[in-house]
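Chain residues, written in single-letter form:
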Amino acid sequence: MTSTWVEPSNTATALLLLGRGTDPASERGVDCPGDLPSPSDPGLVARATAAKLALGDRVFVLGHHYQRDEVIQFADVTGDSFKLAREAANRPDAEFIVFCGVHFMAESADILTTESQKVILPDLAAGCSMADMAVLSQVETAWDLFEDLGIASDVVPVTYMNSSADIKGFVGRNNGVVCTSSNAKRALDWAYEQGSKVFFLPDQHLGRNTAVLEMGLTLDDCVLYDPHKPGGGLTPEQLRDAKMILWRGHCSVHGRFTLSCVEEVRERIPGVNVIVHPECRHEVVTAADYVGSTEYIIKTIEAAPAGSAWAVGTELNLVRRLADAHPDKQITFLERTVCYCSTMNRIDLPHLVWALEELMAGRTPNQITVDPDTSAYARSALDRMLALP
């Protein structure tokens, strides 16, 4: 028996999943004036090259590590979310910052750049499921509960960089700090000097892994606040006793890795080094050989000896890029099922070309702006992070 691949029909659902459709009822808005270039247009690379050349120093393109190769090739700088936001701030003469990443990253760039600069997100539907798991009204409800229980004065809010401007602003208003995956311990050290409890947003895994594996806390010191349950699903006693109050949020990509993934790859590749991001589950992190941020993963593999084998627990675009860059090493994805970040992949070459050509035509597409009040408080939380020793 033989089988033949049949291309799915262009239904609305199929196109949406491919990043070529819209759902106005649930998305921030993805309408583009005029038609996007066809993804199969063989001239897209030439058009992007010509647009960048024409715009010159007026435009600065940032590319997150998880972006597609077709987009990364046009980035002036690549990096993680915080590195890119800082790079944007270091280019005050660039009129336009085209951020090939997701919504919260573009917000952070807007907060850190000058008023005259304009931050562009090529597709407004490029969001972040983790950031969307912490809604300001829900976080404020939790804080009200802490105040009712009389513990708010002991609680220091800490938010991961992967959060909305609203959440960063909340943290700034309440004398907290922002952290990245590489400086989370330093941020928590600072927080515990200010109070006896930390309210960690929005990624439970980064908070738990840092607290237990680097701070010496126990799993019993950590409680999980679920915004969809009364009282967060916790008793007053649990909240009073907790040292770390974790928000119930996670990364949809890193959350896919399981302990069985680690066990399977060790059985399949003898001597393999397992390296994972701290957004992974606690049992995955404790079973891995190396744990660290995206930049840490890149530098560790770059420094590894030829012939070494690595199973990498992070987004697939980056893993494939590492494998291509280091053919002398065996680099494989920790999970055998393909796992791209679907929202990162909304930024494709047609959207980038469209954004650059709009700028050439004197129009500013998809500008990301943060209101002044939120921006000021968010900036204070970011500045506290920058001041960490």
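Residues numbered from 1 in each chain as written. Predicted model: local features only at pLDDT ≥ 70, side-chain atom pairs only at ≥ 80, totals over all residues. Heavy atoms only, no water.

### Structural notes on the side chain of Thr-314
Step number 1: Within the secondary structure layout, Thr-314 lies in the loop between strand 12 (309-313) and helix 15 (316-325).
Step number 2: Its relative accessible area of 0% is what places Thr-314 among the buried residues.
Step number 3: A distance of 2.9 Å separates a polar atom in the side chain of Thr-314 from a polar atom in the side chain of Tyr-66.
Step number 4: In this structure, Thr-314 is in contact with Tyr-66, His-254, Phe-257, His-277, Ile-297, Val-319 and Phe-333, ignoring residues within four places of it in sequence. (Helix = DSSP H or I, 4+ residues; strand = E, 2+ residues; numbered from the N terminus. Buried < 20%, exposed > 50% of the residue type's maximum accessible area, 1.4 Å probe, protein only. Polar contact = N/O pair within 3.5 Å; in protein donor to acceptor, adjacent residues only side chain to side chain. Contact = heavy atoms within 4.5 Å.)

### Re the environment of Met-105
Step number 1: Along the chain, Met-105 turns up in helix 5 (residues 103-112).
Step number 2: For Met-105, a relative accessible area of 3% corresponds to the buried category.
Step number 3: Setting aside residues up to four positions removed in sequence, Met-105 forms contacts with His-64, Ser-81, Phe-99 and Met-344.

### Description of the confidence of the model for the chain
Step number 1: When pLDDT is averaged across the chain, the result is 90; 91% of the residues are at 70 or more.
Step number 2: Predicted confidence is poor over residues 1-10, with pLDDT under 50, and the contacts of this stretch with residues over four places away or in other chains come to two contacts.
Step number 3: Long-range and interchain partners of residues 12-19, a stretch whose pLDDT sits below 50, account for 11 contacts in this model, where long-range means more than four residues apart. (pLDDT = per-residue confidence, 0-100.)

### So, the layout of surface pockets
Step number 1: Counted as a void, the second largest pocket has a volume near 380 Å³.
Step number 2: For the second largest pocket, the lining is made up of 30 residues, of which Tyr-66, Met-105, Asn-162, Glu-279 and Met-344 are closest to its centre.
Step number 3: Contributions of two or more residues to the lining of the second largest pocket are made by helix 4 (81-89), helix 5 and helix 6 (129-132). (1 Å grid on protein atoms, 1.4 Å probe; cavity = no way out; pocket = protein on both sides within 12 Å on 5 of 7 lines; lining within 4 Å. Points joined across faces, edges and corners; volume = space filled by probe spheres on them.)

### Section: helix 17 (residues 372-386)
Step number 1: An ideal rise of 1.5 Å per residue puts 21 Å on 15 residues; helix 17 measures up with 20 Å between its terminal C-alpha atoms.
Step number 2: Of the residues making up helix 17, those classed as buried are Thr-374, Ser-375, Ala-378, Ala-381, Leu-382 and Met-385. Buried residues along helix 17 cover an arc of 130° about the axis, so they all sit on one side.
Step number 3: Where helix 17 is buried, its residues touch helix 4, helix 5, helix 8 (165-173) and strand 6 (177-179). (Expected span 1.5 Å × (residues − 1). Arc of directions from axis to C-beta.)

### A closer look at the sheet that holds strand 12
Step number 1: Taken in spatial order, the four strands line up as 11-10-12-13 in an open sheet, and their pairing is parallel. Taken across any chain shown, the strands that pair with only one partner, and hence form the sheet edges, are strand 11 (290-291) and strand 13 (330-333).
Step number 2: As judged from the four bridges shared by strand 12 and strand 13, these two strands associate in the parallel manner. What sits directly across from Ala-309, in strand 13, is Gln-330.
Step number 3: Each of strand 10 (273-276), strand 12 and strand 13 touches helix 12 (residues 259-268); the most contacted strand, strand 10, lies at about 150° to it.
Step number 4: Contacts from helix 15 reach strand 12 and strand 13, with the element oriented near 165° to strand 13. (Pairing = 2+ DSSP bridges. Axes fitted to C-alpha atoms, helices over the stretch in contact; angles between N-to-C directions.)

### Digging into the sheet that holds strand 2 (residues 77-79)
Step number 1: Reading across from one edge, 2-1-3-4-14 is the order of the five strands in this open sheet, with mixed pairing throughout. Among the strands making up the open sheet, the edge pair consists of strand 2 and strand 14 (367-368).
Step number 2: Against the sheet, helix 16 (residues 349-360) engages strand 1 (59-64), strand 3 (96-100) and strand 4 (118-120), with an angle of about 175° to strand 3.

### Details of unusual backbone geometry
Step number 1: Cis geometry marks the peptide bond from Leu-201 to Pro-202; its omega dihedral reads -25°.
Step number 2: In this fold, Pro-202 is placed in the loop between strand 7 (197-201) and helix 10 (204-213).
Step number 3: The phi torsion at Asn-175 lies on the positive side, around 60°, for a residue other than glycine.
Step number 4: The phi dihedral of Asn-366 falls on the positive side, at around 50°, and the residue is not glycine.

### Brief notes about the pattern of salt bridges
Step number 1: For the coordinates displayed, the defined rule picks out 14 salt bridges.
Step number 2: In this structure, the salt-bridge partner of Lys-185 is Asp-189, at a minimum N-O distance of 2.9 Å. Here the residue Lys-185 and the residue Asp-189 both occupy positions in helix 9 (residues 184-194), the gap between them amounting to four residues, near one helical turn.
Step number 3: You can call Lys-185 partly exposed: its relative accessible area is 31%.
Step number 4: A residue is classified by how much of its surface remains accessible, and Asp-189, at 28% relative accessible area, is partly exposed.
Step number 5: Linked by salt bridges that have partners in common, Asp-41, Arg-47 and Glu-357 make up one network. (Salt bridge = Lys/Arg side-chain N within 4 Å of Asp/Glu carboxyl O.)

### Some remarks on the pairing of strand 9 (residues 244-247)
Step number 1: Burial along strand 9 is two-sided: Met-244 and Leu-246 and Ile-245 and Trp-247, pointing in opposite directions, are all buried.
Step number 2: Judged from the three bridges that link them, strand 7 and strand 9 form a sheet pairing that is parallel. Within the sheet, the bridge partner assigned to Val-198 lies in strand 9 and is Met-244.
Step number 3: In this sheet, strand 9 lies alongside strand 8 (residues 222-225) in parallel orientation, the contact comprising four bridges. Looking at strand 9, one finds that Tyr-225 is bridged to Trp-247.

### A word on the pairing of strand 10
Step number 1: Of the two faces of strand 10, the one carrying Asn-273 and Ile-275 and the one carrying Val-274 and Val-276 are both buried.
Step number 2: Direction of pairing for strand 10 relative to strand 12: parallel, over a ladder of four bridges. Within the sheet, the bridge partner assigned to Ile-275 lies in strand 12 and is Val-312.
Step number 3: As for the winding sense of the linkage, the β-α-β connection from strand 10 through helix 13 (residues 282-287) to strand 11 is right-handed. (Right-handed = clockwise from strand over helix to strand, strands pointing away.)

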